[in-house]
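# A look at the structure
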Amino acid sequence: DSSARVSIQQIITLISNILDDCEKRVGVYDTRGQWSALEEEDVVASRHAGLLAAAKLAARMPGDSSQESIVLVRELLSKYRSHPDIETQQRACEYSMFLTSNMAGIRAEGFKPM
């Protein structure tokens, strides 16, 4: 049933909303500007999982959906390429690189083991 299908844009929007919500609700700075260790780990793990899920989804989309998904995911990743967490920056940059046209031939294989 086509009415039950979800578009790639809806999925990427959902991932983006979840990531934004994690940033707002979990890992709030305390009065000294420090992260709570447990909260920081949860936020970082959620952020990294969300970014990876979006990148893998874009890498595996077939045909015409592929280019649309790549554009949407690269837009999502661009927000995180200048994130205060250096590991998040690194992942966003690496995933963005995999989603360039130069990497089209190895894109799916590159994300496979992740």
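Along each chain, numbering runs from 1 in the same order as the chain's sequence is written. Whole-chain, interface and lining totals are the exception, using all residues; otherwise, since this is a predicted model, local features are given only for residues with pLDDT of at least 70 and side-chain atom pairs are given and counted only at 80 or more. Values reported for side chains reflect all heavy atoms of the structure, with hydrogen atoms and water molecules removed beforehand.

### Examining the overall build of the chain
For clarity, the cut-off: Per the convention used, a helix needs a DSSP run of H or I reaching at least four residues, while a strand needs a run of E reaching at least two, with both numbered from the N terminus. Contacts are residue-level and defined by heavy atoms, with any inter-residue pair within 4.5 Å sufficient. Accessibility throughout is a Shrake-Rupley quantity obtained with a 1.4 Å probe, and a residue counts as covered only by protein chains that appear here.
Check the secondary structure of the chain and you find five helices and zero strands. Helices (α) and strands (β) of the chain occur, in sequence order from the N terminus, as α-α-α-α-α. In the chain, 59% of the contacts between residues at least 6 apart in sequence involve partners at least 24 apart. A total accessible area of about 7300 Å² is found for the chain, and carbon and sulfur atoms account for 53% of it.

### Looking at the nonpolar core
Applicable threshold: Here, nonpolar core means buried Ala, Val, Leu, Ile, Met, Phe, Trp, Tyr and Cys residues that are tied together by side-chain atoms lying within 4.5 Å of each other. Three exposure classes are used, based on accessible area relative to the maximum for each residue type with a 1.4 Å probe and protein chains only: buried under 20%, partly exposed in between, and exposed over 50%.
In this structure, L76 and F111 are the most contacted members of the largest nonpolar core, which totals 21 residues. Of the residues forming this core, the biggest block, six residues, is contributed by helix α2 (residues 37–60). When near neighbours in sequence (up to four residues on either side) are disregarded, L76 contacts I12, I15, S16, L19, L51 and A54.

### A word on the confidence of the model for the chain
Test applied: What pLDDT expresses is the predictor's confidence in each residue, scored from 0 to 100.
The pLDDT averaged across the chain works out to 80; a share of 77% of its residues lies at or above 70. Put simply, helix α5 (residues 107–111) is where the chain has its lowest mean pLDDT, 72, and helix α4 (residues 86–98) is where it has its highest, 93.

### Overview of the side chain of S69
Following the sequence through the fold, S69 ends up in helix α3 (residues 63–78). Here S69 falls in the buried class, since its relative accessible area comes to 0%. Setting aside its immediate chain neighbours within four residues, S69 contacts I8, A58 and M61.

### Observations regarding the environment of Y95
By the secondary structure assignment, Y95 is in helix α4. For the pair Y95 and L52, spaced 43 residues apart in the sequence, the C-alpha separation amounts to 7.6 Å.

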